[in-house]
Amino acid sequence: MLTDNTNQPNSPINLLVVNNDPTALAAINASLNSAELNNLTCVDTAQKALRVLRQQNIDVLIVDVDTPDLDGWRLSRLVRSGILTCRADMPIVIIASTWCERIAEVTAREYGINQLLPLEHIQQLPILVRRLAQPEQMAPHKPRLLVVEDEPDTADLIKRVLAPAFDIEVAYEGDAGLKAWVQGRHDLVLLDVMLPKLSGRDILIEIQSIDPTQPVVIMTAHTTTDQAEELMLLGAVDFLPKPFRADQLRKVCDIAIHRDDFLVSNAQFAARVKSLQERELAYRQLYENHHQLLDDLQSVVMELDADFKICYLNRAWEIMMGFPINDCIGQSLEAFIAADDLNQFLLFKNKIRKALQQNKAFPEIEICLSTCHHQKLWAQLKISRSSNNKQQSNLTVCLDNITERRESQEQLKYLAMHDSLTGLYNRHFFETTLAQLTADSVRNNRQHALVYLDLDHFKVINDTFGHQKGDDVLREMSRLLSKRIRGADILCRLGGDEFAILLRDINSAEAHEFARSIQQIIGEFSFQLQEQRINLGSSIGLTLIDGSTNNAEEHLMRADIALYVAKGRGRNLIHLYDPLDSESDELRHSINTSQKVRKAISEDRMVLYFQPIFDIKQQKISYYEALVRMIEPDGHITGPNNFIPALEAAGEMHLLDRWIIKLALRTLKQHDDLTHIAINLSAQAFKDENLVPTILENLKETGVNPKRITFELTESASLFNLHITQRVISELHKLGCSFSVDDFGSGFSSFSYLKDLPADYIKLDGSFIQNLHHDAIDQTLVKSMIQVIQALGKKAVAEYVENEEILIILKGMGIDFVQGYHIGHPLPIEQLFSAQVVTHTTSQR
């Protein structure tokens, strides 16, 4: 409603009323006279009005849309043209007895009308007249256009062509254009693609991220079909190839500025068409013209009444769903909902009705429809109140086909829950379901069971016949096990040859019987490989989910312990978890420690300390050994001796190896002054086929020079499988890394293997060094080892150098490098280069 917030004018306001409808004219007169606006001249034709305008000084023109000789729109244009003797900027009010809000507003803007007022709101006319008669009344608003174009000639052409219709702002660089839009939020943006500082494509993306409704027209002289499609998909409303003609520019901008007007006007028009029976033919043509615009949309536009019956549909519905539009009008939307989504639709209706009652915004809905071919189609529904409905109970719905997106989401969901090799549920789904069954057992006093199994000696198949054959066996085994599973049970592959089965509502005897049937299936399975028939066995750990704990991880640990016991007692056995088993405590400690390390890795609480290794000849630190530490949740630092043995017992050292590699390379990338480090690898590392790919992946990710890295392995681990060690060292050398053997000399048989190890550094076992200043035999052995190492072209490193006396003896023996507390303590990277190294002063004495 208009409110009268203007002062009473000091002089009379001269009004000219042009209207040939006696009823309307009487209403206008009554409204103005009631407000003491009596200086008015009334005429019934445009010709008479023109005569008055030539002879009298008129302050406000009030004109009907329909006059016999010249309609109100054209009369208004004649006034605005400036060819009459009256003021070209005279305030003009259009009075309409029948109208559609948005269409009328748009037309009024185009014809320079100050205000359009429906006859039913005639009581607002006096307030409106007084406001428009004020001297400071501004001319009708022109849309604001932002032109982002780096070519001045093109920008000038645009300004000349579009200046009559737009208020134009020009930016000649990309970043300036984006800044201007952010500050001004123009009605239309005309955007070049090739711009300095920031491309048109990047500007379009940024604008759409802030305001997806902003109309943007793209201009470019060099484009391809793919680029045009991409820009339109990114949110451009139209595309203007350069060079362009003036009429082409006007047309494209006119369409773009009216895009939102067309959409809104059609929704409003559809709601009113029934009540305008007396003008049916005229409005029918208008309806059809605007209807075509809606039909060109790919989105379905529909209107629903209060009972969710369809009142209107555009042609996109027929294309999307296959149903003729006429057959659908009047039907409930519920008739097109897929059967298994009807409950969801009922919830949707309740939410919408509640939002209507509370006058709140409507939520976006995703619902499954059924096409004419009974195929499922997922749709997203964006809902708003029909703007022309007095009761505000009708709904305008914009419906988009999101089937492809939903199918992709379902596929991702499937992949997130299933093992890619076998199609069985994966470890993530297993852990989630185990937690649910654990909670159910506690809450509802129900008993379930967990069967945890792996295939005995499956590694032999992989090592002998290759991983492809091993994968074939796992797939076939999965297929066989799936046949034995009950409908409510869950079969999962946890990794490698490990499987888990969750049995619902089952007692101990039934679980045992089930485990025996699984073991029988595996025992009867055989397959032919290279003229050999292979049979498999299985070890099975069984535990009851009986409400004794609400910790799902505890049940998994019990099953793991039971499996460990079954393997330890001869394999191909079934063992039910018993806390009194002698093997339980040791394995539980290993599993607990393993879980602590896993959690520390996930929370980034594994850190590296660095101990310097000093070059005797160069008299400087040559490199640093990276030593792992674990930060406990309370901040306490734990050394490797407290967790590495347990990890080795649990067979999970590969997790720590991979993390140390990642952490070490990340540290090298962040600290250029850390020129070279040695990274310790476990005995299990060289059995890990992903070791070298992991190193390579981290090198590529960080960009670290491989020459900055030495990998270190103990002598015993190096000699455990000499062939594998030689192969891995060769691959590391190819990457550019060096290699060191640690704890050398712990077994004298190692001399016979030394020439076969392609190592760059040999680190003497600390047991020979720590008492070197007191033990003549150690001195003889160490001197001999140094000579042999250097004779083979390798560098000798001595660790456990704890005092100056040992250092002097080693220097006399010609040692290459030394390491120990006397040289420097292991320190975190933050303290490393601020610490004093004792040898710097010692070596100069």
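The coordinates are above.
Let me begin by describing the structure that accompanies this report. Quick caveat: nothing in here was measured; it's all calculated off a predicted structure. Each chain carries its own residue numbering, running from 1 in the direction its sequence is written. Side-chain atom pairs in this predicted model are given and counted only at pLDDT of 80 or more, local residue features only at pLDDT of at least 70, and totals for whole chains, interfaces and linings cover all residues. As a rule here, side-chain values come from all non-hydrogen atoms in the structure, and water together with hydrogens is ignored.

**Regarding the nonpolar core**
Line of reasoning, step 1. For the purposes of this section, nonpolar cores are sets of buried Ala, Val, Leu, Ile, Met, Phe, Trp, Tyr and Cys residues that join through side-chain atoms within 4.5 Å. Any residue under 20% of the maximum accessible area for its type is buried, any over 50% is exposed, and the rest in between are partly exposed; the area is computed with a 1.4 Å probe on protein chains only. Counting residues in hydrophobic clusters, the biggest one holds 70 residues, and the most contacted among them are F711, V782 and L810.
Line of reasoning, step 2. Considering every element that reaches this core, the biggest residue donor is helix α24 (residues 653-670), with nine residues.
Line of reasoning, step 3. For this analysis, residues touch if any pair of their heavy atoms sits within 4.5 Å. Among residues more than four places away in sequence, those in contact with V782 are L764, F768, I769, L772, L810 and M813.
Line of reasoning, step 4. Core analysis: the next-biggest nonpolar cluster, separate from the first, contains 33 residues, I485, F499, A515 and L536 among them. Only DSSP runs of H or I reaching four residues or more are called helices, and only runs of E reaching two or more are called strands; each is numbered from the N terminus.

**Re the pattern of salt bridges**
Line of reasoning, step 1. Within this document, salt bridges are pairs made up of a side-chain nitrogen of Lys or Arg and a carboxyl oxygen of Asp or Glu, the two lying within 4 Å of each other. In total, this model carries 32 salt bridges according to the counting rule given.
Line of reasoning, step 2. For D71, the salt bridge identified is with R74, shortest N-O distance 3.1 Å.
Line of reasoning, step 3. Taking the relative accessible area as the measure of exposure, D71 reaches 22% and is therefore partly exposed.
Line of reasoning, step 4. On the basis of relative accessibility, which here comes to 45%, the residue R74 falls in the partly exposed class.
Line of reasoning, step 5. D340 is the salt-bridge partner of K376, the closest N and O atoms lying 2.5 Å from each other.

**Let's talk about helix α6 (residues 152-162)**
Line of reasoning, step 1. Within α6, the full set of buried residues consists of T154, A155, I158, V161 and L162. Each buried residue of α6 lies within a common arc of 130° when the element is viewed along its axis, so the set occupies one face. Facing away from the buried surface of α6 by more than 90 degrees, the exposed residues are D153 and R160.
Line of reasoning, step 2. If you follow the buried residues of α6, they end up packed against β6 (144-148), β7 (167-171), β8 (188-192), β9 (216-220) and α10 (246-257). In this description, one arc is meant: the one made by directions from the helix axis to the C-beta atoms.

**Some thoughts on the packing of aromatic side chains**
Here the distance between the centres and the angle between the planes together describe a pair of aromatic rings.
Line of reasoning, step 1. Note on aromatic contacts: the rings of Phe and Tyr and the six-membered ring of Trp form a pair at centre separations within 6.5 Å, being stacked when their planes are under 30 degrees apart, edge-to-face when over 60 apart, and tilted otherwise. Counted according to the given criterion, the structure contains nine aromatic pairs.
Line of reasoning, step 2. Arranged with centres 5.1 Å apart and planes meeting at 90°, the rings of W317 and F336 form a pair that is edge-to-face. Linking W317 in helix α13 (residues 315-321) with F336 in the loop between α14 (325-328) and α15 (342-358), this pair joins segments that are 19 residues apart in sequence.
Line of reasoning, step 3. Residue F336 is classed as buried on the basis of its relative accessible area of 3%.
Line of reasoning, step 4. Taking 3.9 Å as the distance between ring centres and 15° as the angle between the ring planes, the aromatic pair formed by Y425 and F429 counts as stacked.

**Here we look at the state of the cysteines**
Line of reasoning, step 1. Note that a disulfide, as used here, is simply two cysteine sulfur atoms within 2.5 Å. Within the structure shown, the criterion is met by zero disulfides.
Line of reasoning, step 2. We note that C372 lacks a disulfide partner, and the nearest cysteine sulfur, in C328, lies 9.6 Å from it.

**Side note on the sheet that holds strand β4 (residues 92-96)**
Line of reasoning, step 1. Pairing between two strands requires that DSSP report at least two bridges joining them. In space, the five strands of this open sheet follow the order β2-β1-β3-β4-β5, with parallel pairing throughout. Each having just a single partner strand, β2 (40-43) and β5 (115-118) make up the two edges of the open sheet. In this sheet, neighbouring strand axes are inclined to one another by 20° on average, regardless of whether the strands run parallel or antiparallel.
Line of reasoning, step 2. Think of each axis as a best-fit line through the C-alpha atoms, taken over the contacting stretch in the case of a helix, with angles from 0 to 180 degrees between the N-to-C directions. Contacts from helix α3 (residues 72-81) reach β1 (15-18), β3 (60-64), β4 and β5 within the one sheet, and its direction differs from that of β4 by about 175°.

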